[in-house]
Amino acid sequence: MTPERLRSLIAAGESLNVEFKGEERGPLNDRDLVEAVVCLANRIGTEPAWLLVGVEDDGRITGARPRHGSTTEVYKLAALIAGRPVLLIEVPPQQQSVGTSDGVFLRRAVGGDGRPACLPMDSYAMQSLQADRGLLDSSAQRIPAARWEDLDPLEFERFRRSIRERRGRSDESLLNLPDLELAKALGVVEANGSVRGVLLAALLLFGKDDALRRFVPGAEVAFQVLSGLDVEINDFFRWPLLRVMEEIEVRIRARNREQELMVGMLRVGVPDYPERALREAFANALIHRDYQRLGAVHFQWHSDRIEISSPGGFPEGVRLDNLLVTAPRPRNPLLADAFKRAGIVERTARGIDTIFFEQLRNGRPAPSYARSDSTGVTVVIAGGEANLEFVRLLVKESQSGRVLGLDELLVLNALWQERSLATEDAARLIQKPEAEARATLHHVVEAGLVEDRGQKKGRTWHLSAAAYRAMGEKAAYVRQRGIEPLQQEQMVLQYVEKHGRITRRDTAELCRLSPSQAYRLLGRLEKQGFIRKEGERGRGVGYRRGPK
């Protein structure tokens, strides 16, 4: 680790991947160190964790005691930074749960005060960690005390009804199977003639209400309607999952309003919330939640948004910056497969794409998962006023035979809100390499919806005049083109004011312009008297504040 990296690690403070152990009040014993290493090993993530001995919880470097070995390379590194020795221990990610020789198991998680902490691990926490890492399917776990009689025949019929209602998306080969054969085909019971074992997935799909309460206390759903601080509806359900899905879908349809948009002779309905997006988001919460944890899946209907949250963080390898591109990693694969065969969720297991696509297609901001952490996943789906002109534009594109995918919608939505994007911004937005982002941008350029300005690193992308015109914003294009030169001039003058001097290269990087565009901008400011040129040619040419 470089000195700069170590400085930034300490400056960033403790996290789920970084633990400080100070020795200001006395030396740590070996047991404390071993337990800290065990704790960091039992965490979610694929990156190494770091234990820094000699750094207090508040980031002060007080130094490690000499008994830890002052001649090591890490000690020399720390001495160069703070003048005091620090012991730096790398903890690589582990596949299995790790404990001390005394049988102590600890896990790295967020404590009750919202700060990273080392918490005890019981057997349920161990199973939860294995499920997060994709090494254990909790829904395939056998429930020893559960019996076939704990399953409800009405729920098997509900499953068949879901298949019939979703023909083309569901597995119709299951339709005519009797209950036991259906359960065996789904893999949710262990049977050889008679039923020898009932798995968790069977109880979640087909369990009677009292069986769910006894065997799966975490299987609970809350539907809440909130107006400010007031709770208008606060209903809790301990039902089999398909029954809960049906109930929530009924409530969505009852509350969801729709605006009418006329595009030529075509009537287009624009709902407050796209039902497909809500169904996928809620189904994902049921499928991917951690059933080892207590706590309900919450469906909260606010006046301007819907929030759906579920216990358990993202599975290992899934992060906010790769959510749209990472391979599907269901925490409960057996349960996820049953939902797909019932036709409730996408067979491709890319329901996240549906959530984003439907929300953007209806003129809404993209969904946000930013509130998610290691203890739970929360998606916020914005409501409020829809951008009907954006919907109109998309409908016209569809009528012209041009197909816009999720990446194109993400780019167009961002351009509508931000007015301009650089290529690296687009890459970050669609969570793909810059080469793929450029291909997406060129696609919408060819469709006449976007135009580029500048060259190479200075290139930026903007909605075209045709796009603004289609959205009824003719003046916006002119304003955008007119405001940019003024903004660029002010940026150059502020740079000169702060740094005393600016070159053509500085101007190109600052304003995202090509060298020739930067040259013309500087020439315009020089002609107006705001700056004066110094030097004759090459790198010696620069500009300083002028007489104005």
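Structural data are supplied above this passage.
Note that the structure is predicted; figures quoted are calculated from it, not measured.

Student: How should I be thinking about the nonpolar core in this particular structure?
Tutor: Taken as a class, soluble globular proteins show a tendency for nonpolar side chains to be buried jointly. Counting residues in hydrophobic clusters, the biggest one holds 101 residues, and the most contacted among them are Phe159, Val188, Leu203, Phe282 and Phe339. With near-sequence residues (within four places) excluded, Val188 lies in contact with Ala183, Val198, Leu199, Ala201, Ala202, Leu205, Phe206 and Leu334. Counting 12 residues, the second largest nonpolar core, distinct from the first, contains Leu493, Val496, Leu522 and Val541.

Student: Mind showing me how you'd approach helix α20 (residues 515-527) here?
Tutor: An α-helical segment advances 3.6 residues per turn. Residues three or four places apart therefore align on the same side. Between its terminal C-alpha atoms α20 stretches 18 Å, which fits the 18 Å expected from 13 residues at 1.5 Å a residue. Along α20, the positions that sit buried rather than exposed are Ala518, Leu521, Leu522 and Leu525. Viewed along the axis of α20, the buried residues span an arc of 95 degrees, placing them on a single side of the element. Residues Arg520 and Lys527 are exposed on α20 and point more than 90 degrees away from its buried face. Of the residues trailing α20, Gly529 is marked for its positive phi of about 90 degrees.

Student: What am I meant to see in the packing of aromatic side chains here?
Tutor: The geometry of an aromatic ring pair is captured by the separation of the ring centres together with the interplanar angle, meaning the angle of the planes. Per the stated rule, a full pass over the model turns up 10 aromatic pairs. For the ring pair Phe314 and Tyr369, a centre distance of 6.3 Å and an interplane angle of 45 degrees mean the geometry is tilted. With Phe314 in the loop between β13 (305-311) and α11 (333-341) and Tyr369 in the loop between α12 (351-361) and β14 (376-382), this pair connects stretches of sequence that are 55 residues apart. According to the relative accessible area criterion, Phe314 is buried, its value standing at 17%. It is Arg243 that lies over the ring of Trp239; its NZ or CZ is 3.8 Å from the centre. Over the face of the ring belonging to Trp301 we find Arg255, whose NZ or CZ atom lies 5.7 Å from the ring centre.

Student: So what exactly am I meant to see when it comes to the state of the cysteines here?
Tutor: Each disulfide consists of a covalent bond between the sulfur atoms of two cysteine residues. Under the defined criterion, the tally for this structure stands at 1 disulfide. Covalently, Cys39 is tied to Cys118 through a disulfide, its sulfur atoms 2.2 Å apart. Judged by the torsion about the S-S bond (-100 degrees), the Cys39/Cys118 disulfide is left-handed. Of the two residues, Cys39 sits in helix α2 (residues 30-41) while Cys118 sits in strand β5 (residues 116-120), which places them 79 residues apart along the sequence. Residue Cys39 is classed as buried on the basis of its relative accessible area, which comes to 0%.

Student: What exactly am I supposed to notice about the sheet that holds strand β12 (residues 297-301) here?
Tutor: By definition, the strands of a sheet pair up through backbone hydrogen bonds, in either a parallel or an antiparallel sense. With mixed pairing, 5 strands are arranged side by side in an open sheet as β9-β8-β12-β13-β14. Each end of this open sheet is capped by a strand with a single partner; those strands are β9 (230-237) and β14. Direction aside, the axes of adjacent strands within the sheet are offset by 15 degrees on average. Sheet analysis places strand β8 (residues 221-227) next to β12, joined by 5 bridges and oriented parallel. Across the sheet, Gln224 pairs through a bridge with Gln300, a residue of β12. Sheet strands touched by helix α9 (residues 241-255): β8, β9 and β12. Its angle to β9, the strand with the most contacts, is close to 155 degrees.

Student: Would you explain the pattern of salt bridges in this entry?
Tutor: Pairing between side chains of opposite charge can happen when the charged atoms of each approach one another. This model, assessed by the stated rule, comprises 46 salt bridges. Residue Glu249 pairs with Arg166 through a salt bridge whose shortest N-O separation is 3.7 Å. Of this pair, Glu249 sits in helix α9 while Arg166 sits in the loop between α5 (153-165) and α6 (179-186), placing them 83 residues apart in sequence. Both residues of the pair, Glu249 and Arg166, count as buried. A salt bridge links Arg524 to Glu489, with the shortest nitrogen-to-oxygen separation between them at 3.1 Å. In this pair, Arg524 is assigned in helix α20 and Glu489 in helix α18 (residues 474-499), connecting sequence segments 35 residues apart. Taking the relative accessible area as the measure of exposure, Arg524 reaches 32% and is therefore partly exposed. The buried category is assigned to Glu489, whose relative accessible area is 12%.

Student: Would you take a moment to explain the sheet that holds strand β17 (residues 460-463) for this structure?
Tutor: If you walk across this open sheet you meet the 3 strands as β15-β17-β16, and the pairing is antiparallel. Only two strands of the sheet have a single neighbouring strand rather than two, namely β15 (421-422) and β16 (450-453). In this structure, β16 lies alongside β17, joined through 4 bridges in antiparallel fashion. Opposite Val450, over in β17, you have Leu463 as the bridge partner. Contacting β15, β16 and β17, helix α14 (residues 406-418) runs over the sheet at an angle of about 85 degrees to β17.

Criteria and thresholds
Residues numbered from 1 in each chain as written. Predicted model: local features only at pLDDT ≥ 70, side-chain atom pairs only at ≥ 80, totals over all residues. Heavy atoms only, no water. Core = buried A, V, L, I, M, F, W, Y, C linked by side-chain atoms within 4.5 Å. Buried < 20%, exposed > 50% of the residue type's maximum accessible area, 1.4 Å probe, protein only. Contact = heavy atoms within 4.5 Å. Helix = DSSP H or I, 4+ residues; strand = E, 2+ residues; numbered from the N terminus. Expected span 1.5 Å × (residues − 1). Arc of directions from axis to C-beta. Phe/Tyr/Trp six-rings, centres within 6.5 Å; stacked < 30°, edge-to-face > 60°. Lys NZ or Arg CZ within 6 Å of the ring centre and 35° of its normal. Disulfide = S-S within 2.5 Å. Pairing = 2+ DSSP bridges. Axes fitted to C-alpha atoms, helices over the stretch in contact; angles between N-to-C directions. Salt bridge = Lys/Arg side-chain N within 4 Å of Asp/Glu carboxyl O.

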